[in-house]
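# Per-entry structural report
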Amino acid sequence: MAKAYERIADGIRESIRAGQLAPGERLPAETALAAEYGRSVPTIREALRLLRDEGLIEKQHGRGNFVRQPRTAVLRTNSRHQWEKGRAREPESLRVKTGATEHDTGLQVNDLVFHASYREIKAGKSLADAFDISEGDVLVERTYRTRYAAERAPFALVTSYLVRDLVAENPDLLDASKEPWPGGTQNQLFTVGIELDRIEEHVTARPPTPEEAEELELPPGTAVLLLRKTSYDTNNRVVELSDITLPGDRTEMLFTTPLERW
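Being a predicted model, the structure only gives us computed values, none of them experimental.

## A few points about the packing of aromatic side chains
Using the criterion set out here, one finds 1 aromatic pair in the structure. Relative to Tyr-144, the ring of Phe-114 lies with its centre 5.8 Å away and its plane at 40 degrees, an arrangement referred to as tilted. A residue pair is termed long-range when its members are at least 10 positions apart, and Phe-114 in strand E4 (residues 112–122) and Tyr-144 in strand E5 (residues 138–148) qualify at 30 residues. Directly above the ring of Tyr-232 sits Arg-198, whose terminal nitrogen or CZ lies 3.9 Å from the centroid.

Listed below in structure tokens is the structure:
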């Protein structure tokens, strides 16, 4: 038999799914819900905690509990890399019209808010090994956040690395003010004569850190997907590496592998 707080949660959940409580709408105060259901405030809090854990409501400090706005879903497929390569040599007038985030979400350029920051760092052992360079060699570390303008949380937490000496002949590739770059990283590399041969993506999952959960606005209990993307050029060099943290509650990953016919 369901406990009292579970029955209360069932009732509120049904109201949300039926549209009686709309996204963004504030729920009645805990005392009002206690009076409505004839239960104690601690029982109401247990019901609300359950709904927060399910990602149906969120608590805003000092304001109360609100029906959670559905976040924009992202469908990330491995076809995006060939799509980006096909655009790398297109005129800027075409490249500027859409990018990888629009490709994955169906949104338009004007729907998005984009932020990039660059800094130069010395490669530690892990990154030096990945790029096959010496420890202490200079990398350009690029941090990206892109979000839907109607939402606060970014689609992902992205940190990308380039070997500085490999791209320094084009000073624009060292300048964050040039972002967002029409055509993305593949066009950036094309400007210094680099063509990608393949991209490897390694995916794992884990619980988020408190900082990740806060920035991505994750419901309790939601995992993050960790994507390590390694880009190789036609000389088999690693020329770019990205660490991408994706929210597990709104990210779908689809991998299609063409098979040769017998």
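So, next bit.
## Regarding the side chain of Thr-72
If you trace the backbone, Thr-72 turns up in the loop between strand E2 (64–67) and strand E3 (74–77). Residue Thr-72 is classed as buried on the basis of its relative accessible area of 14%. Polar side-chain contacts of Thr-72 include one of 2.9 Å to the side chain of Glu-151. In contact with Thr-72, not counting residues within four places along its chain, are Thr-105, Leu-107, Tyr-148, Glu-151, Phe-155 and Arg-250.

## Topic: the sheet that holds strand E9 (residues 238–247)
The 6 strands lie next to each other as E4-E5-E6-E9-E8-E7, forming an open sheet whose pairing is antiparallel. Edge positions in the open sheet fall to E4 and strand E7 (196–206), since each of these has one partner strand only. Within the sheet, the average angular offset between the axes of one strand and its neighbour, ignoring direction, is 15 degrees. When E5 meets strand E6 (residues 157–163), the two strands line up antiparallel, connected through 6 bridges. The residue of E6 that forms the bridge with Val-140 is Leu-162.

## Considering the pattern of salt bridges
Opposite charge on two side chains makes pairing possible when the charged atoms of those side chains draw close. Summed over the entire model, instances satisfying the criterion amount to 24 salt bridges. Between Asp-53 and Arg-49 there is a salt bridge, and its shortest N-O distance comes to 3.0 Å. Note that Asp-53 and Arg-49 are positioned in helix H3 (residues 41–53) at a spacing of 4 residues, about one turn of the helix. Exposure remark for Asp-53: the relative accessible area of 33% places this residue in the partly exposed category.

## Some points on the packing of helix H2 (residues 30–37) against H3
The interhelical angle for the contact between H2 and H3, taken along N-to-C directions, is 105 degrees, at an axis separation of 9 Å. Here H3 runs roughly perpendicular to H2, going by the angle between their axes. Facing H2, whose interface residues are Glu-30, Thr-31, Leu-33, Ala-34 and Tyr-37, H3 presents Val-41, Ile-44, Arg-45 and Leu-48. For the contact of H2 with H3, the per-class residue count stands at 6 nonpolar, 1 polar and 2 charged.

## A few points about the pairing of E5
Across 11 bridges, E4 lies against E5 in antiparallel orientation. Paired with Ile-121 across the bridge in E5 is Leu-139.

## Quick word on the nonpolar core
With 19 residues, the main nonpolar core has Val-167, Leu-189, Ile-244 and Leu-246 as its most contacted residues. Put simply, the parts of the chain that give this core at least two residues each are E4, E5, E6, strand E8 (224–233) and E9. Ranked by residue count, the leading element in this core is E9, at 3 residues. With 16 residues, the next largest nonpolar core counts Ile-8, Ile-12, Ile-16 and Val-67 among its residues.

## Focus on unusual backbone geometry
Each neighbour pair has its own omega, and for Glu-179 with Pro-180 the value is -5 degrees, a cis peptide bond. Mapped onto the fold, Pro-180 is located in the loop between helix H8 (164–167) and helix H9 (184–190). Although it is not a glycine, Asp-132 sits at a positive phi angle of roughly 60 degrees. Residue placement: Asp-132 occurs in the loop between helix H7 (125–131) and E5. Residue Asp-132 is classed as exposed on the basis of its relative accessible area, which comes to 70%.

## Some points on the packing of helix H1 (residues 4–17) against H3
Between H1 and H3, the shortest axis-to-axis distance is 8 Å and the interhelical angle comes to 55 degrees. Considering the angle they form, H1 stands oblique to H3. At the point where H1 passes H3, the crossing takes the right-handed sense. Between H1, through Ala-4, Tyr-5, Ile-8, Ala-9, Ile-12 and Arg-13, and H3, the contact on the second element is made entirely by Thr-43, Ile-44, Glu-46, Ala-47, Leu-48, Arg-49, Leu-50 and Leu-51. Split into classes, the residues belonging to the contact of H1 with H3 amount to 10 nonpolar, 1 polar and 3 charged.

How each quantity is defined
Sequence order as written defines residue numbering, which begins from 1 separately in each chain. Only residues with pLDDT of at least 70 are given local features in this predicted model, and only at 80 or more are side-chain atom pairs given and counted; all residues enter the totals for whole chains, interfaces and linings. In computing side-chain values, all of the structure's heavy atoms are included and hydrogens and water are not. Note on aromatic contacts: the rings of Phe and Tyr and the six-membered ring of Trp form a pair at centre separations within 6.5 Å, being stacked when their planes are under 30 degrees apart, edge-to-face when over 60 apart, and tilted otherwise. A helix here means a DSSP run of H or I that spans at least four residues, while a strand means a run of E at least two residues long, and both kinds are numbered starting from the N terminus. By definition, being over a ring means that NZ of Lys or CZ of Arg is both within 6 Å of the ring centre and within 35 degrees of the ring normal. For the exposure calls, accessible area comes from a 1.4 Å probe over protein chains only, and a residue counts as buried if that area is under 20% of its type's maximum, exposed if over 50%, partly exposed in between. We define a polar contact as two N or O atoms separated by no more than 3.5 Å, with the added condition that, inside protein, one atom must be a possible hydrogen donor and the other a possible acceptor, whereas residues neighbouring each other in sequence contribute only through side-chain atom pairs. Every residue pair with non-hydrogen atoms within 4.5 Å of one another is taken to be in contact. Only when DSSP finds a minimum of two bridges between them are two strands counted as paired. Axes here mean lines fitted to C-alpha atoms, for a helix over just the part in contact, with angles spanning 0 to 180 degrees between N-to-C directions. Every case where a carboxyl oxygen of Asp or Glu lies within 4 Å of a side-chain nitrogen of Lys or Arg is listed as a salt bridge. When describing relative orientation, an angle under 35 degrees is termed roughly parallel and one over 145 degrees roughly antiparallel, while 65 to 115 degrees is termed roughly perpendicular and anything else oblique. By the convention adopted, Pro, Cys, Tyr, Trp, Phe, Met, Ile, Leu, Val and Ala count as nonpolar, Lys, Arg, Asp and Glu as charged, and the other residues, Gly among them, as polar. We define the nonpolar core as a collection of buried residues of types Ala, Val, Leu, Ile, Met, Phe, Trp, Tyr and Cys that are connected through side-chain atoms lying within 4.5 Å of one another. Left-handed is the label given to a crossing in which the near helix is rotated counterclockwise from the far helix by less than a right angle, and right-handed is the label when the rotation is clockwise.

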